[in-house]
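# Chains, contacts and geometry: an overview
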Amino acid sequence: MADELEQSPQDWTESQVSSWLRSIRVKEQYIKKLYEEEVDGQILLSLNDDFLKTKICMKSGPAHLIIQNRDELLNSLKRSQEKKKPTSSKQTEVEQKSAQCLPTACEGPTTQTPERDQDVLENRQTAKQQCVLISKEDCKPRPFDQEGIDFLYVKNRVLLPESGAFNLISPCHEFKSFAIAATLDRTRLQAKFAKEVLKFATGCMNIRSNGTIHFGVMDSKEDTGYVHGEIVGIPINEKDIYVDALDYIERCFPSDKEHVRQCVRPPRFIEVVDRESTEKKYVVEVDIVPSISIVKSKVYAVRLPNFKEKTNKVEFEKEVILRRVGSKTEQVIDKDVGDFYQRVKDRDVQREEAEKCQFLSAPEMCQDLGRKLTMLMTNGKRFIENEKWFILVTNKVRPDDLCNIDWLLNMNIFCVFDFDPDSKISGLCSKYLQHHAANMHFLQSYRVSSDTNIKEFTSNLNLFEQASWIFCNGRTDFQGNETTCDEMTWIKTKMTLLRESVSLICKQILPKGTFQVLFLLTSPVEKPLLHTFYEFFTDMEGHEDIICICESENNFLKWQSFAVGSCGPETVNNSSVVGMKMSHINATLQQIQPVKACASKYLPVFVKGTCLLEALEEEQMYSLEILTVDHCDETSEDFINEEKGNIEHQFYRGGRVAWLNFWLAEHKYVGELIERDAYHDVSKLLHDALKLNADQTPVYSINIYHHPGSGGSTVARQVLWNNRKDIRCAVVKPSYSVAVVAQHTVALREYEEKDPQKCLPVLLLTEDSDEEYLDELRNELEVAIKTKRIQYGTLCFILLSCRRSHDPERKCKFPLQNVSVTHKLSAQEKRKFAGKRQVLETQYEPKFILTFVLMSEGFTEEYVQQFVEHLLQGIDRHSIVTRLIHYVALLNTYVQNSFISQSHCEALLSLTFHLERFRQHEFETSLSDQAKLVFLHLRDDKTHIKSVRIIHPLVAKEILQQLLGNQQTQSSLAMKLLCEPVLFEHRFGRNEYLSFLRALFIRRSRISKGDKYDSFFSPLIEHVRNNENPGKAIELLTEAFHCFHKDPFFAQQLARLNYTYENFEKANHWAETAAKQLPNNSYILDTKGQVYRKWFQAKCKAIENKSVAKTAQNTADAVETALRALECFQECERAADADMETVNSSGYFSEVEVGCSLLKLISSLQVFANKVNGHSECVKYLSTDYIPEEVEEAWQPFHGRLKKLHKTMQNALEWISEDLSYFQTDIGADEEETSESPGKIHHPLKWLAQKSSEYGKYFSEAFSTAFLQGQSTPANLPLFQKRMIIYHLGGGNITSISKLTDQKDAVQLLESIISLYPSNPIKANFDQKDIINYTMAHIILNCLSPQTKSSLNVLQALCHQFPTDRRKCLPSALFLLTMLFWPEDDDTAQEKEIKYEIVQSAVEHLDKGYWNKMKDIPQRKRRLYTHFFLGNGNELNKFVHKRKLETITKGFSVSEKRMKWLSGEAWKTLEITQMLKRVSGWTEDGVVYLQGPKKKKFSILPLYVPSVPYSNENITFYLGFTFRGLVACDIKK
């Protein structure tokens, strides 16, 4: 221990550095990181801010704390060294101080102290004292001699030094620690207390001065180690001990006892707040007030009490006269007594004058509290900012004040820290809930689990949609375990929770400057409220955005006494409004709110009137931005007049259109907004949909496809605005689930309507939502309509989708419900824009309406290029602002809707702000002229976080190109962006920034997402690898991998990038790296397989290029690689099957692809290719135990796996066939595949048919070729060979057989397939798959050529061979049972009963299999496929293949085909009505039935749920056959 104490800081070990870091309260995670980095004392002394932030990834705050404390330590040590020169025999003072101020690694209690260390320990005490003396906060004493004052002290704050008489009225002060005396028994304690009080009182009375004696306040002369006047407090169990101690007055003063009683006030007990302890301590104070009317002409002598230990009793000292001399109380010595008596009259006169002056002081000037309140709430502006969040901290609000909180109802309340446990019953919360929705929380609700990020946390608590009401001290109406507790218990149990909550809000959720904290003190202030102030003050790094409103001056005093220690009396007073009535506050604040208080909002109703939309109800539908009839009418006229110019300017400069833009134009405050051609197209589609139509679908869709930045969103919102008075309109807010949006949309439709059947439709705008989201939303709304039993043909919802696209016009090739908005203007639009431009240029300079000017020029490439070239003239290319423009342009070019938060920009520019109210002005001033022109300032509607982006993506792209020039590449710029720790580690807006940065490197282009093309890598990586070099792209992704904490998805991208350039070793390393982190992710396992697949292909290519005969020896390496690929894909398949949330079939497709390539390689070997029976040898090797000599040794490790190849490939093909049988497989241009392996498989049915045939060919080539040439197959041909010939011909699985309908020679092929089966199939002992394929071949053949003689009876008899335990039947077998045993019209009742039972059993098991296949995936994500419909024929002729029906909608896109079928339009065509048979049935409670035998009900699944009548009706429908069972289509009453 002594050795450690002798060490100076530079000699500290890593452990000692860690101990010191703990002593200054650095977070443990940083301490651990520094320890791991081996930071010892010497390194500690050389640390700088940059190292801590970049290498340790430390936030700015902790880094500053460490550097500052380190520097303070060094300065302190230096000063100490100068004062005391070191000697050879003793430690230097520097060493002593460093050993004490900074704890050592093994500090702990010691049982004994070696003699030789005594000097060290003495010096240690001195050093400790000096450490303590550093940085103590001053504070004021309690107001002198005032009753009813609620005051407190904070431990370790310092009162002004002890003082003597100044002007007789201002009290003199004396401090006593009383630490030991406070622990004495009652008698000793009272004697000690009385002695000190009466001694001090006598001194004050004799010189006629007011005074206060303080117990529990340190006097440095008595109490070593403390600052003079430092408040520590003393523990008090019984206050009456101190009160009763003054009974000594009667025994200590022989005469004038009554005078003394009148002058000595009873003890006051002022509580001491200790942030580190829960023990209750007090400062005891006694005031002395020697009024002239009492003490005139008197001199007081006292006999002081003293407890004598010898006699064990209190004895009284001899009588003495005392007086105050300076800061001490001294006895008047005998020789001075005469003079003292003679000067009594002088002292009386002075006292009398002093008392008169006390009451003659000028009255205090009346403060303009209204203006002060206004300035504080608006930050010096005219109105309270709309975008500012308010955090309210309050205690119990009086009932009278609850009538005056209208001002609160219009505020953006983020959360309320409420210390009133009755608030929800009778307090502020109950009043607020009458007008607004709020979420009830407790402090523990604000604890973030380790697996939740801030974005998820705020979403889970709904923080930005509804006020969060945090009950900080229990809630009386709550049935859970959340009770109220007293102050000390609260500090013990809830103080930490409060600290965490405040820290979370201030440091991770809301950036500085976006919120204000409002302390509303309407009741006496208690300690928890004071602790709350301290936590906010600390975490907000100042008092600037903290406001205190308090009507009672007495309540404020306690608050003030606590707050002044943190920020000084002037700051506290300047930010506090004290003495203003709540009714006055209410009236004052309503005048400066941009929105009128308690304004009403109205919605249109079905009967053409309007209804009131309550704010509370509106907030319950928080996922929607609801547009009301009188939208924006609540905005105050003063605000409009003040801000209309800014609102218009922001829009024409490129900002998103706001509802106020439309309102201002409508009310003629500004010019009209241009109505583009697309607006009229959408309006026409909308009005056509609103016309009564019996066949109208309940959910109608209109799609707007637009170039980025072409005004598509403006068109969409313009449609909503102009229809808000006729139908209900809303915009879907981002980030909410489909279920929540649908629930709120239904609630909006039915709000204040009597009959759900008679409601106005809801026009619902969704922006940049993908097809899947829209499908799910449509489905949810349709289910809701079904549940509500809305009559079919009633239009309920209109989905207006506004989506970004690089080719909007192509999307509108089929213009049924699609409208395009492009940069190109029509002739009429050009005239409108030219006219508007002339008007605007009279108001603004062209550079201030840049986007509109560019728009009016049609964003031509040449104009944009010239514009940017002119803009960048004279720019300082090396300035930090230009670097910021670089970064924003890079993100805006490659990541749609990207931005950089303003706080990120401020951090990069190293800006500091002295006053928050000038933050925006200072930020904009710091920008260059070019940045001011191209940056568009945004503010998030939800979080209110400010950000910047380039005014238009085309401008951003051009700026990027011209700024980079020939000197710099995009890869080097992206690398710089990655290596900007200030941006990467910045706290606020971090999730958004990292998501944009991540998208920059990982997000691939998708036409379906509105991009120009489909890409294999992110557009940036594509640019770098194609225009620079692949090595740069790899280097860039590698750096991103490390920056994103070794994210496995970056490793996956690196694997893909490396195998693209045949760096297979590196690709394998990265694939393994990703798979280690996510071993069950099927997509990463698929990438791992792709590495080996590409490697195998490269090895095959290398063998081909050598032009040598292929042998087992020179192909062994390639075969091994192929087998590794197959193993990876099988691993991928298992992971995909186990994943209940996603569907990934890529493993199966890839396994087949690699398997076919491997078979091709094997069959091309010299040993198999050149022999007369080479093919037979190959098949024999792969399907039996036979191993040719030529391959035996070289392929020894592979034989077992190669012989299983035909089986594993067949299983994969069967899986794909079954999967395609269940679900819709036609993929349109607006849908995407998740598989990366075969690229995009737009025609999986065709692919399967080709691969099945190829697979069969490798095992049957010689025989199938001969067979197709008309030669008969050998009679003794093995069954395996026949099956492979069938596979080769296209009959290997049910899907391939069905696909044969597309081929011209389909009939001949099917007849050939059937001929390969035994002539008597009943006795052939087929297995399940043989029966399925044989039966399906007959059904398809009959569909194509009805004149063929296929017997239904034979097929039915064959299907009787399926397992009687239907659980063992394959889905294809069950599907065939539902078809083949569907009863004929002329069947007997008994025959029908038997068939219905078979069908019913098959349907039950099909349904179970369907749900297993579906996993947890919404049904709309995988659409059920109908293979056949019931036609008008008999036997096999009654089955109509789906492809025959599809010829009717040939030529339409996938989505439009779907709409034709769903709307019922396709079903009405003459061809279909002649082909299909309508089946009779009925509905009961929304379920479709048809009658089975003995009047049994047979339920049928409706293919389109909304078409089912809600009443119990007789219906007819077409019957379809699917892999889920029977379905009803085109249901009619």
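Throughout, a residue's number is its position along its own chain's written sequence, starting from 1. With pLDDT at 70 or above as the cut-off, local features in this predicted model cover only qualifying residues; side-chain atom pairs require 80 or more to be listed or tallied, and sums for whole chains, interfaces and linings still use all residues. Where side-chain values are given, they derive from all heavy atoms of the structure, hydrogens and water being excluded.

## Regarding the overall build of the chain
The following threshold applies: Strands here are runs of E lasting at least two residues and helices are runs of H or I lasting at least four, both read from the DSSP assignment and numbered beginning at the N terminus. Working definition: with a 1.4 Å probe on protein chains only, accessible area under 20% of the residue-type maximum means buried, over 50% means exposed, and in between means partly exposed. We call two residues in contact when some of their heavy atoms are within 4.5 Å. Under the convention used here, a 1.4 Å probe and the Shrake-Rupley method define accessible areas, while residue burial counts only the protein chains that appear.
A tally of regular secondary structure across the chain gives 69 helices and 35 strands. Within the chain, the fraction of its 1533 residues that count as buried is 55%. A sequence separation of at least 24 residues applies to 72% of the contacts in the chain between residues at least 6 apart. Accessible area for the chain stands at about 68300 Å²; split by element, carbon and sulfur atoms hold 48% of it.

## Quick notes on the side chain of S947
On the secondary structure map, S947 appears in strand β28 (residues 946-950). For S947, a relative accessible area of 4% corresponds to the buried category. Not counting the four nearest positions on each side in its chain, S947 is found in contact with F899, I900, S901, Q902, L936, H937 and L938.

## Some details on the pairing of strand β34 (residues 1514-1522)
Our working definition: A strand pair is defined by DSSP finding two or more bridges across the two strands.
Across the 9 residues that make up β34, a large majority, 7, are buried. Judged from the 3 bridges that link them, strand β29 (residues 1426-1430) and β34 form a sheet pairing that is antiparallel. Following the sheet pairing, T1426 is matched in β34 by T1522. As defined by bridge partners, strand β31 (residues 1478-1484) adjoins β34 across 5 bridges and the pair is classed as antiparallel. Looking across to β34, one finds that G1481 is bridged to I1515. Inspection of the sheet shows β34 paired to strand β35 (residues 1525-1532) by 6 bridges, in the antiparallel sense.

## Regarding the sheet that holds strand β4 (residues 268-273)
Cut-off, in case you're wondering: A fitted line through C-alpha atoms serves as each axis, taken over the contacting stretch for helices, and the angle formed by two N-to-C directions is quoted from 0 to 180°.
Within the open sheet, the 5 strands sit side by side as β1-β4-β5-β3-β2. Their pairing is mixed. Pairing within the sheet leaves two strands with one partner each, and these edge strands are β1 (152-154) and β2 (172-176). Pairwise comparison of adjacent strand axes, ignoring direction, gives a mean angle of 25 degrees for this sheet. Here strand β3 (residues 211-215) runs beside strand β5 (residues 281-288); their pairing, made up of 5 bridges, is antiparallel. Residue pairing for β5: H214 is matched across the bridge by E285. Across the sheet, helix α9 (residues 186-207) lies against β2, β3 and β5, angled at about 160 degrees from β3, the strand it touches most.

## Some remarks on the sheet that holds strand β17 (residues 576-578)
As summarised here, the arrangement of the 7 strands in space is β13-β14-β12-β11-β15-β16-β17, forming an open sheet in which the pairing is parallel. In this open sheet, the two strands that pair with only one neighbour each are β13 (438-442) and β17. When strand polarity is set aside, the average angle formed by the axes of neighbouring strands in this sheet is 15 degrees. One ladder, built from 5 bridges, connects strand β15 (residues 515-521) with strand β16 (residues 546-550); its direction is parallel. Residue L521 lies in a different strand from β16, and its bridge partner there is C550.

## Examining the packing of helix α38 (residues 861-871) against helix α43 (residues 953-964)
As a reminder, the rule being used: Angle categories: roughly parallel below 35 degrees, roughly antiparallel above 145, roughly perpendicular from 65 to 115, and oblique for all the rest. The sense of a crossing depends on the near helix, which, turned anticlockwise from the far helix by less than a right angle, makes the crossing left-handed and, turned clockwise, makes it right-handed.
Two elements in contact, α38 and α43, have axes whose closest approach is 9 Å; the angle formed by their N-to-C orientations is 55 degrees. The angle between α38 and α43 falls in the class oblique. When the axes of α38 and α43 are compared, the crossing they make is right-handed. In this structure, α38 uses V864, Q865, F867, V868, E869 and L871 to contact α43, whose residues at the interface are L954, V955, E958, I959 and Q962.

## Considering the packing of aromatic side chains
Note the following rule: Centres within 6.5 Å make a pair out of two Phe, Tyr or Trp rings, where for Trp the six-membered ring is used; the pair is then stacked when the planes are under 30 degrees apart, edge-to-face when over 60, and tilted otherwise. Placement of a charge over a ring requires the Lys NZ or Arg CZ to be within 6 Å of the ring centre, with the centre-to-atom vector within 35 degrees of the ring normal.
All chains considered together, the criterion is met by 56 aromatic pairs. Ring pairs connect the aromatic residues F417, F519, F533, F536, F537, W559 and F562, which therefore count as one cluster. Directly above the ring of F340 sits R347, whose terminal nitrogen or CZ lies 3.9 Å from the centroid.

## Section: the pattern of salt bridges
Quick note on the threshold: Each salt bridge in this description consists of a side-chain nitrogen of Lys or Arg and a carboxyl oxygen of Asp or Glu lying within 4 Å of one another.
Scanning the entire structure with this criterion turns up 66 salt bridges. D256 is the salt-bridge partner of K298, the closest N and O atoms lying 3.8 Å from each other. Here K298, found in the loop between α13 (292-295) and β6 (301-302), pairs with D256, found in the loop between α11 (249-252) and α12 (257-263); they are 42 residues apart in sequence, far enough to count as distant. Among the charged side chains, a network of salt bridges with common partners joins E174, K176, K192, E196 and R324.

## Some words on the nonpolar core
Here is the rule: Joining through side-chain atoms within 4.5 Å is the link that ties buried Ala, Val, Leu, Ile, Met, Phe, Trp, Tyr and Cys residues into a set, and such a set is a nonpolar core.
Formed by 184 residues in total, the largest nonpolar core has its most connected members in F1001 and W1195. For this core, the element with the highest residue contribution is helix α52 (residues 1112-1138), accounting for 12 residues. Excluding its chain neighbours within four sequence positions, the residues that come into contact with F1001 are A974, L978, S1018, L1020, I1021, L1036, L1037, A1040 and F1050. I1285, I1515, L1526 and C1529 belong to the second largest nonpolar core, which has 77 residues in total.

## Focus: the confidence of the model for the chain
So the rule is basically this: What pLDDT conveys is the predictor's confidence in a given residue, as a value from 0 to 100.
Confidence along the chain averages 82 in pLDDT terms, with 89% of residues attaining 70 or more. For the chain, per-element mean pLDDT is lowest for helix α7 (residues 93-101), which scores 36, and highest for strand β22 (residues 728-732), which scores 95. Counting contacts from residues 1-6, a segment whose pLDDT is below 50, to residues more than four positions away or on other chains yields 15 contacts. Predicted confidence for residues 1226-1239 stays below pLDDT 50, and this span has 45 contacts to residues more than four positions away or in other chains.

## A few points about unusual backbone geometry
Phi is positive for K1046, which is not a glycine, with a value near 55 degrees. Relative to the assigned elements, K1046 resides in the loop between α48 (1030-1043) and α49 (1048-1060). At E1062, a residue that is not glycine, the phi angle is positive and equals roughly 60 degrees. Tracing the backbone shows E1062 in the loop between α49 and α50 (1064-1077).

## So, the side chain of D1330
Mapping D1330 onto the fold places it in helix α63 (residues 1328-1344). Residue D1330 is classed as buried on the basis of its relative accessible area, which comes to 8%. If near-sequence neighbours (up to four positions away) are discounted, D1330 is found in contact with R1283 and Y1317.

## A closer look at the environment of I647
Tracing the backbone through its elements, the reader meets I647 in helix α29 (residues 637-652). Under the relative-accessibility criterion, I647 is labelled buried at 15%. Considered as a pair, I647 and L664 are 17 residues apart in the sequence and their alpha carbons are 9.2 Å apart. Those residues in contact with I647 that sit more than four places away from it in its chain are L660, N661 and L664.

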